[in-house]
Amino acid sequence: MSEILSLDVPATASSAGAGLATSMVSPTGTAEILVEALPYIQQFAGKSVVVKLGGAAIDPESDRALAQDVLLLRSVGVRCVLVHGGGPQVDAMLRRVGKQPEFRDGLRVTDAETLEIVRMVLVGKINRDLVATINGEAGVEPVALGVSGEDAGLLKVVTRDPSLGFVGDVSQVNADHLLRLLDSGLVPVVSTIGSDAAGQPHNVNADEAAKAIAIAMGAEKIVYLTAAPGLLEDPKDETSLVPRLTVSELRERIAHDSVGGGMIPKLTACLEAVEGGVPYAHIIDGRVPHALLIELLTRHGIGTMIRAEANW
Ligand SMILES: Nc1ncnc2c1ncn2[C@@H]1O[C@H](COP(=O)(O)OP(=O)(O)O)[C@@H](O)[C@H]1O
Ligand SMILES: CC(=O)N[C@@H](CCC(=O)OP(=O)(O)O)C(=O)O
């Protein structure tokens, strides 16, 4: 990684759920783990899953494990689209060029110069690094393909509020592009820059973009990988996880004092995804290696799961 563009923001890696060292599992135990995955593979094979990786959870070690998870899921027929954020990395670059990051209601105030930096960091750096990591793990069959929402009208937007600058609300997703890439056996990696009717690029909150993509694709699940174990009763207590919520319980929670910062747009996106027809929304700890695989293919649900009704 080049020094000049090294924007890594340290994620506090948690060892919880990191899994047993394979050397400690007997051959029969290994077989049992594989067999345990069978009903989940049958449930999700042929279905689409949108995985959103938050900037705070981006870290070389957990990204490599995520790449392995996505490739394993692909090999058993689960169609993953990876949508990434990069808020902290954009903040770091803005500060480096002497600009102070500014947010209103969780959204970045994005003037023309900030937009250039957001594009450079998301499309030019984070997207490239994730594609390289997945393809590095894939070996002889590189399957990750990076796209920006600007490409071929993938994410169409309208300006949200002119006082925020070039910030877009997703008005349309061209899901066919992603479905075709998946049909070709590729793994799309999406940066969340959209364009308006005149072709002007806009900065889109990655939680919102992932939700819009999941609804438009008719995804079976949306999984938010973040730097927290899930929704917490008390954000200072990592053991106070809320494991399950219905949308009506979630609606009450969003207004709760214990929910702050970036968790508000994430919960709103989960709510809208489920109301928009995505059967399952999850918020899980992206700092835990293989969190995605643990969530999808084992009986150890981790993080917070949101469903329309209490049909667990
Ligand atoms: N009740 C809560 N439960 C969990 N996290 C919370 C809560 N309230 C605020 N947060 C904060 O929200 C953060 C997730 O939002 P954000 O940093 O924007 O994530 P991402 O980069 O994944 O989009 C958590 O890391 C945590 O610091
Ligand atoms: C409009 C807006 O706020 N866009 C976000 C896009 C990146 C993002 O959402 O990154 P995380 O998922 O890491 O938060 C931003 O500029 O930070």
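Reading the values: rules and limits
Residues numbered from 1 in each chain as written. Chains lettered and ligands numbered in written order. Predicted model: local features only at pLDDT ≥ 70, side-chain atom pairs only at ≥ 80, totals over all residues. Heavy atoms only, no water. UniProt positions renumbered as here; feature names shortened; annotations may be inferred. Helix = DSSP H or I, 4+ residues; strand = E, 2+ residues; numbered from the N terminus. Near = heavy atom within 4 Å. Polar contact = N/O pair within 3.5 Å; in protein donor to acceptor, adjacent residues only side chain to side chain. Areas by Shrake-Rupley, 256 points an atom, 1.4 Å probe, with all protein chains shown as cover. Nonpolar A, V, L, I, M, F, W, Y, C, P; charged D, E, K, R; others polar. Pairing = 2+ DSSP bridges. Axes fitted to C-alpha atoms, helices over the stretch in contact; angles between N-to-C directions. Contact = heavy atoms within 4.5 Å. Salt bridge = Lys/Arg side-chain N within 4 Å of Asp/Glu carboxyl O. Buried < 20%, exposed > 50% of the residue type's maximum accessible area, 1.4 Å probe, protein only.

Trainee: Is there a simple way to explain the UniProt feature "domain: Aspartate/glutamate/uridylate kinase" (unreviewed entry) in the protein in this structure?
Mentor: Sequence positions flagged by UniProt for "domain: Aspartate/glutamate/uridylate kinase" (unreviewed entry) are, in local numbering, residues 48–285. Taken end to end, residues 48–285 is 40% helix and 24% strand, and its two terminal C-alpha atoms sit 20 Å from one another.

Trainee: For this particular structure, what's the right way to read the site of ligand 1?
Mentor: Close contacts around ligand 1 come from 19 residues, with Lys-52, Thr-226, Leu-232, Ser-258 and Lys-266 the closest. One nitrogen or oxygen atom from the side chain of Lys-52 is found 2.9 Å from an oxygen atom belonging to ligand 1. Separating an oxygen atom of ligand 1 from a backbone N or O atom of Ala-227 is a distance of 3.5 Å. For ligand 1, whose free accessible area comes to 570 Å², the fraction covered by protein is 76%. Every element with two or more residues in the shell around ligand 1 is listed here: strand S11 (221–226) and helix H8 (263–275). Across the shell around ligand 1, the residue classes tally to 9 nonpolar, 7 polar and 3 charged.

Trainee: Please explain the sheet that holds strand S2 (residues 79–84) as it appears in this structure.
Mentor: Within a sheet, adjacent strands bond to each other through the backbone by hydrogen bonds, running parallel or antiparallel. Here we have 8 strands laid out as an open sheet, ordered S5-S8-S2-S1-S11-S13-S14-S12, and mixed in their pairing. The sheet is open, and its two borders are formed by strand S5 (144–148) and strand S12 (244–246), each paired with just one other strand. Taken over all neighbouring pairs, the strand axes of this sheet differ in orientation by 20 degrees on average, direction set aside. Summarising the sheet, S5 and strand S8 (residues 187–191) pair through 5 bridges and their orientation is parallel. Bridge assignment links Val-147 to a residue of S8, and that residue is Val-190. Sitting on the sheet, H8 is in contact with strand S1 (48–53), S11, strand S13 (280–285) and strand S14 (304–307), with an inclination near 155 degrees to S13.

Trainee: Looking at this model, I keep getting lost on the side chain of Thr-192. Mind explaining?
Mentor: Along the chain, the position of Thr-192 falls in the loop between S8 and strand S9 (193–195). For Thr-192, the side chain forms a polar contact with the main-chain oxygen of Val-204, separated by 2.9 Å. Apart from the residues within four sequence positions on either side, Thr-192 is in contact with Val-83, His-84, Leu-122, Leu-155, His-202, Asn-203, Val-204, Asn-205, Ala-206 and Ala-209.

Trainee: What's the story with the pattern of salt bridges in this structure? I'm lost.
Mentor: A side chain of one charge can pair with a side chain of the opposite charge when the charged atoms of the two come close. A complete count under the given rule lists 20 salt bridges for this structure. Close ionic contact of Lys-52 with Asp-207 constitutes a salt bridge, the shortest N to O distance being 2.8 Å. Remark: Asp-207 occurs in helix H6 (residues 206–217) and Lys-52 occurs in strand S1; sequence separation between them is 155 residues. You'll find Lys-52 and Asp-207 in the same group, each marked buried. Overlapping salt bridges, with partners in common, bring together Lys-52, Asp-207 and Lys-266 in one network.

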